Amino acid sequence: MIEQPRVNVSISVLGTDFTELGYALERIRLSGADSVHLDIMDGRFVPNISFGSSIASDIVRASGLPCCAHLMVQHPEDAFDAFVGAGVAELLFHVEATRFPFRALQLLKGAGIRRGVAVNPATQVESVVPFLDNVDTVLLMSVEPGFGGQSFFPGTLAKVRALRSAADRAGTPLRIAVDGGVDASNSAALRDAGADELVAGTAFFRAADPAAFVRLLKGA
Ligand code: DX5
Ligand code: ZN
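Criteria and thresholds
Residues numbered from 1 in each chain as written. Chains lettered and ligands numbered in written order. Predicted model: local features only at pLDDT ≥ 70, side-chain atom pairs only at ≥ 80, totals over all residues. Heavy atoms only, no water. UniProt positions renumbered as here; feature names shortened; annotations may be inferred. Helix = DSSP H or I, 4+ residues; strand = E, 2+ residues; numbered from the N terminus. Buried < 20%, exposed > 50% of the residue type's maximum accessible area, 1.4 Å probe, protein only. Pairing = 2+ DSSP bridges. Right-handed = clockwise from strand over helix to strand, strands pointing away. Donors = N, O, S within 2.8 Å, 3.2 Å for Na, K, Ca; no water. Tetrahedral: all angles 85-135°; square planar, octahedral: opposite > 155°, others 65-115°. Near = heavy atom within 4 Å. Polar contact = N/O pair within 3.5 Å; in protein donor to acceptor, adjacent residues only side chain to side chain. Areas by Shrake-Rupley, 256 points an atom, 1.4 Å probe, with all protein chains shown as cover. Nonpolar A, V, L, I, M, F, W, Y, C, P; charged D, E, K, R; others polar. Axes fitted to C-alpha atoms, helices over the stretch in contact; angles between N-to-C directions. Phe/Tyr/Trp six-rings, centres within 6.5 Å; stacked < 30°, edge-to-face > 60°.

- The name given to the chain in an unreviewed UniProt entry is Ribulose-phosphate 3-epimerase, with Candidatus Cryosericum terrychapinii as the source organism.
- Looking at the chain in UniProt, the text filed under Subunit (unreviewed entry) is "Homodimer."

## Quick notes on unusual backbone geometry
Reasoning step 1: Not every positive phi belongs to a glycine, and H75 is a case in point at roughly 45 degrees.
Reasoning step 2: Inspection of the secondary structure assignment puts H75 in the loop between strand 3 (67-72) and helix 3 (80-85).
Reasoning step 3: Under the relative-accessibility criterion, H75 is labelled partly exposed at 43%.

## Examining the pairing of strand 1 (residues 8-12)
Reasoning step 1: In terms of burial, strand 1 is largely enclosed, as four of its five residues are buried.
Reasoning step 2: Of the pairings in the sheet, the one linking strand 1 to strand 8 (residues 197-200) comprises four bridges and is parallel in character. Note on strand 8: the bridge partner recorded for I11 is A200.
Reasoning step 3: With three bridges joining them, strand 1 and strand 2 (residues 35-41) adopt parallel strand pairing. In the strand pairing of strand 2, I11 is matched with V36.
Reasoning step 4: The β-α-β motif built from strand 1, the intervening helix 1 (residues 21-31) and the parallel element strand 2 has right-handed crossover chirality.

## Structural notes on the coordination of the zinc ion (ligand 2)
Reasoning step 1: Those protein atoms acting as donors to the zinc ion (ligand 2) are H37 (NE2), D39 (OD), H70 (ND1) and D179 (OD), and they sit at 2.1 to 2.3 Å.
Reasoning step 2: If you look at the zinc ion (ligand 2), its six donor atoms make angles of 74 to 174 degrees with each other, and the shape they trace is octahedral.
Reasoning step 3: Note on D39: relative accessible area 5%, which makes it buried.

## A closer look at the site of ligand 1
Reasoning step 1: Around ligand 1, the surrounding shell holds 19 residues, and the nearest of these are D39, G146, D179, G201 and T202.
Reasoning step 2: Between ligand 1 and the protein, one listed contact pairs an oxygen atom with a backbone N or O atom of G146 at 2.7 Å.
Reasoning step 3: In the model, an oxygen atom of ligand 1 is placed 2.8 Å from a nitrogen or oxygen of the G181 main chain.
Reasoning step 4: Calculation on ligand 1 without its partners gives an accessible area of 380 Å², and the protein chains cover 99% of this total.
Reasoning step 5: Counting only elements with at least two residues in the shell around ligand 1, the list comes to strand 2 and strand 3.
Reasoning step 6: Take the shell around ligand 1: its biggest share by element is three residues, from strand 2.
Reasoning step 7: Tallied by class, residues from the shell around ligand 1 come to seven nonpolar, 10 polar and two charged.

## Description of the pairing of strand 8
Reasoning step 1: Covered by surrounding structure in strand 8 are E197 and V199 together with L198 and A200, the residues of both alternating faces.
Reasoning step 2: Bridge count for strand 7 (residues 175-179) against strand 8 is three bridges, and the pairing is parallel. Within the sheet, the bridge partner assigned to V178 lies in strand 8 and is L198.
Reasoning step 3: Regarding the hand of the β-α-β motif, the stretch spanning strand 7, helix 6 (residues 187-193) and strand 8 is right-handed.

## Things to note about the sheet that holds strand 5 (residues 114-119)
What links the strands of a sheet is backbone hydrogen bonding, and the strands pair in either a parallel or an antiparallel sense.
Reasoning step 1: Pairing in this closed barrel of eight strands is parallel, and the strands run 1-2-3-4-5-6-7-8 around the ring. Pairwise comparison of adjacent strand axes, ignoring direction, gives a mean angle of 25 degrees for this sheet.

## Examining the packing of aromatic side chains
Reasoning step 1: Using the criterion set out here, one finds five aromatic pairs in the structure.
Reasoning step 2: With centroids separated by 5.5 Å and ring planes inclined at 45 degrees, the aromatic side chains of F18 and F51 adopt a geometry described as tilted. Of the two residues, F18 is situated in the loop between strand 1 and helix 1 and F51 in the loop between strand 2 and helix 2 (53-63); the sequence distance between them amounts to 33 residues.
Reasoning step 3: Accessibility expressed as a relative area gives 33% for F18, which makes it partly exposed.
Reasoning step 4: Measuring from centroid to centroid gives 4.9 Å for F102 and F131, while their planes differ by 85 degrees, and the two rings are edge-to-face. With F102 in helix 4 (residues 101-108) and F131 in the loop between strand 5 and strand 6 (137-141), the pair connects residues that are 29 residues apart, well separated along the chain.

Okay, structure coming up:
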């Protein structure tokens, strides 16, 4: 039997009821998910405002899991110190949000966390090939950033395959994460395409059995 690829699962708290954030974090922890995905939005790079580094710090402290900050903010370099200081384990910024992505990645080098870039659906995979030696993770957006609960962009599968091929050609151990509209209907195809991590929000909090949902996304 061909071994199904295993992936990590990260759960976004964006769509949860923030008056019950502690309960949401407990559900995530009990589900067997690997990490918490923090969607940071500034109302400028995306037409929505979510939360900042102080709430991120609270989530890091309360979650008991590694947390990844997905910065959907203009000039993300200005926010690096605050989110590294919040204790995140990974920080991802959008290549579309800065004119100097190499310099931004250099700023994160030595911060002792995983670093990487996020890429909108319309941005070509080729745009991140020059950074493959400077990132731990590339986050491929399968929705337009800014909101949870959107429909998965099917063209993402080809982007995962293209990025996996590019990383293999470059000989880099790249982590490919996919974010937006991920659910039971597309997770197997994403694993087969070469994704290493799946980010889910809405589908997780709608699941009757969160642990079963996470196992299904993992391919367990
Ligand atoms: C969208 C965010 C995603 C989103 C995931 O801008 O980056 O992380 O919240 O949530 P769902 O799974 O609901 O698409
Ligand atoms: Zn996200």
